Amino acid sequence: MSTESGAVVAGTAARPAVRQRTPEHTGPGVAATAAHAVADASDRGARIVAVVIALAWHLAIGLPALLGSWSRLAAPPVVAAGWLVTAAVGVATGVRLLRGGLPPARPLAVALLVVDATVFAAAGERQLFTAANWVWGGLAWFFLLVLWRRPLAWLLALLAAHATIALAAVALHGATAPADLSRYAMYVYGTSSLPVAVFAGASAIAALARDRAGTAAAALGVAAQREAAERARRERQARLALVSGAAEEVLAALASGDADPADPAVRHRAVLAAARLRRLIAESDDVPDPLLHELRAAADLAERNGLPIELVAVGAPPELPVEVRRRLVDPPTAALAGARDWARLTVVAGPDEVVVSLVTPDHEGPDATGPPGGDGDGDGPVEHLHERDGEIRWTQTRWRRT
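All of these numbers come straight from a predicted model, not from anything done at the bench. (Residues numbered from 1 in each chain as written. Predicted model: local features only at pLDDT ≥ 70, side-chain atom pairs only at ≥ 80, totals over all residues. Heavy atoms only, no water.)

### Some thoughts on the confidence of the model for the protein
Of all residues in the protein, 77% have pLDDT values of 70 or greater, and the mean over the chain is 79. Per-element confidence in the protein is highest for helix H3 (residues 76-98), whose mean pLDDT is 95, and lowest for helix H1 (residues 2-14), whose mean pLDDT is 36. Scored below 50 in pLDDT, residues 1-28 shows 42 contacts in the model against residues more than four places distant or in partner chains. (pLDDT = per-residue confidence, 0-100. Helix = DSSP H or I, 4+ residues; strand = E, 2+ residues; numbered from the N terminus. Contact = heavy atoms within 4.5 Å.)

### Some remarks on the pairing of strand S3 (residues 353-361)
Among the nine residues that make up S3, seven are buried, leaving the element largely enclosed by the rest of the structure. Sheet topology note: the strand S2 (residues 343-349)/S3 ladder contains six bridges and is antiparallel. By the bridge assignment for S3, Val348 is matched with Val355. As consecutive antiparallel partners, S2 and S3 are separated by three residues. Here S3 runs beside strand S6 (residues 392-400); their pairing, made up of nine bridges, is antiparallel. Each residue of the ladder has a partner; that of Val359, found in S6, is Trp394. (Buried < 20%, exposed > 50% of the residue type's maximum accessible area, 1.4 Å probe, protein only. Pairing = 2+ DSSP bridges.)

### Side note on the pairing of strand S5 (residues 381-388)
Pairing of S5 with S6 involves seven bridges; the strand directions are antiparallel. Within the sheet, the bridge partner assigned to His386 lies in S6 and is Thr395. Hairpin connection, S5 to S6: the antiparallel pair is bridged by three residues, and Gly390 has positive phi, about 95°.

### Overview of the pattern of salt bridges
Considering all chains together, one arrives at 12 salt bridges under this definition. With its nearest N and O atoms 2.6 Å apart, the salt bridge here joins Asp43 to Arg47. Here Arg47 and Asp43 lie together in helix H2 (residues 28-68), a separation of four residues that amounts to about one turn. A salt bridge links Asp43 to Arg149; its shortest N-O distance comes to 3.9 Å. (Salt bridge = Lys/Arg side-chain N within 4 Å of Asp/Glu carboxyl O.)

### Describing helix H10 (residues 322-337)
Spanning 16 residues, H10 covers 22 Å between terminal C-alpha atoms, matching the ideal 22 Å at 1.5 Å per step. Considering bend angle alone, the principal kink of H10 is centred on Val329 and spans about 30°; proline Pro331 follows within four residues of it. With 14 of 16 residues buried, H10 is to be regarded as a mostly interior element. (Expected span 1.5 Å × (residues − 1). Bend = angle between axes of the 7 residues up to and from the residue.)

### As for the environment of Thr93
Structurally, Thr93 is set in helix H3. Its relative accessible area of 2% is what places Thr93 among the buried residues. It is 9.0 Å that separates the C-alpha atoms of Thr93 and Leu108, two residues lying 15 residues apart in sequence. Those residues in contact with Thr93 that sit more than four places away from it in its chain are Pro103, Leu108, Leu145 and Val146.

### Digging into the packing of aromatic side chains
All told, the structure shown has six aromatic pairs when counted by the stated rule. Residues Trp136 and Tyr184 carry aromatic rings whose centres are separated by 6.2 Å and whose planes lie at 65° to one another, so their mutual orientation is edge-to-face. One end of the pair, Trp136, is in helix H5 (residues 135-146); the other, Tyr184, is in helix H7 (residues 178-256), and 48 residues separate them in sequence. We note that Trp136, like Tyr184, is buried. (Phe/Tyr/Trp six-rings, centres within 6.5 Å; stacked < 30°, edge-to-face > 60°.)

### A short note on the nonpolar core
Membership of the largest hydrophobic core comes to 50 residues, with the highest contact counts inside it found for Trp134, Leu155 and Tyr184. Tallying contributions element by element places H5 first for this core, with 10 residues. Those residues in contact with Tyr184 that lie beyond four places of it in its chain are Phe129, Trp136, Ala163, Ala166, Leu167 and Val170. Ala302, Leu336, Val354 and Leu358 belong to the second-largest nonpolar core, a separate cluster that totals 24 residues. (Core = buried A, V, L, I, M, F, W, Y, C linked by side-chain atoms within 4.5 Å.)

Listed below in structure tokens is the structure:
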């Protein structure tokens, strides 16, 4: 028994460091999610501003000008119909944007261009450069809404089409004097520059927010991983010191002659210390099923000491924290150290419950002890039960998700 314990102690010192698992809550996927959430929040604010400007301009400026110049328009009902169609497009598009979606850009853009050409023709020559011809100043904001989050080139192309329609109307109405052409150029520039600035600025701010949030989330993730790794290292060193201390006491007693290798109590202490060291080594191995891996390590040590043991596993255990696995494995490991003749170790697992049971023949001597049950710090407590009836000893640990 002392030879086995010494081998385990030596193996612990020589074992290479294992790869740490990346915590799920600090991975790159969460950093990307956080970056997109910040960018979406910034984009939503810009959407609200654009919808409010477009509809407020249409109602507060376009409608009074239309009604005030009704008798002076060439075809007032046509201009009014265009105003209503544009208002309907703006309301439908605004609702879609505020709910987080995007409107169908192409059909709405075509509809707005048709309204643009129709209103320019129906306004008449006398109202060509007046506020009654509301498409000059108000339609560009609706272009902005229907093309939201599309490439900037699309908006520039739509504004170029708008400018072309306006130039055709100016030419058809005979307003080709230098003063009229200068007024046309001022109108095109003045009504297009601000929507373009808002469109490009909203895209740039959202992209900048996404980049900065992604960088901050990644930095926090790295810091959290470092902290988790450091905490795990400290906990493992403390537990290794505790477990290896027990093994060292047994080895020192054997080396000094104070303990008799033939004494059952000494043999039990040696086996228990070796089993706990082996389980401590196994718990940080990067394997697909760490719980069964740790139980197999304990069963392997029992078999090396001549104990016939049967290990039965039913179901796939969920991913459990190290503390929960310790509370599930330590009591059966301690019971295995004192088992005689044979042992049967059973693991029954599901997504919300894991049960580990050990059955061995009963014999004289104290019950094996393990860590107390209680909060396993893994979304549920770990229960520990131990019974004996003179024929068998039964040890069970159970974890349930709460």
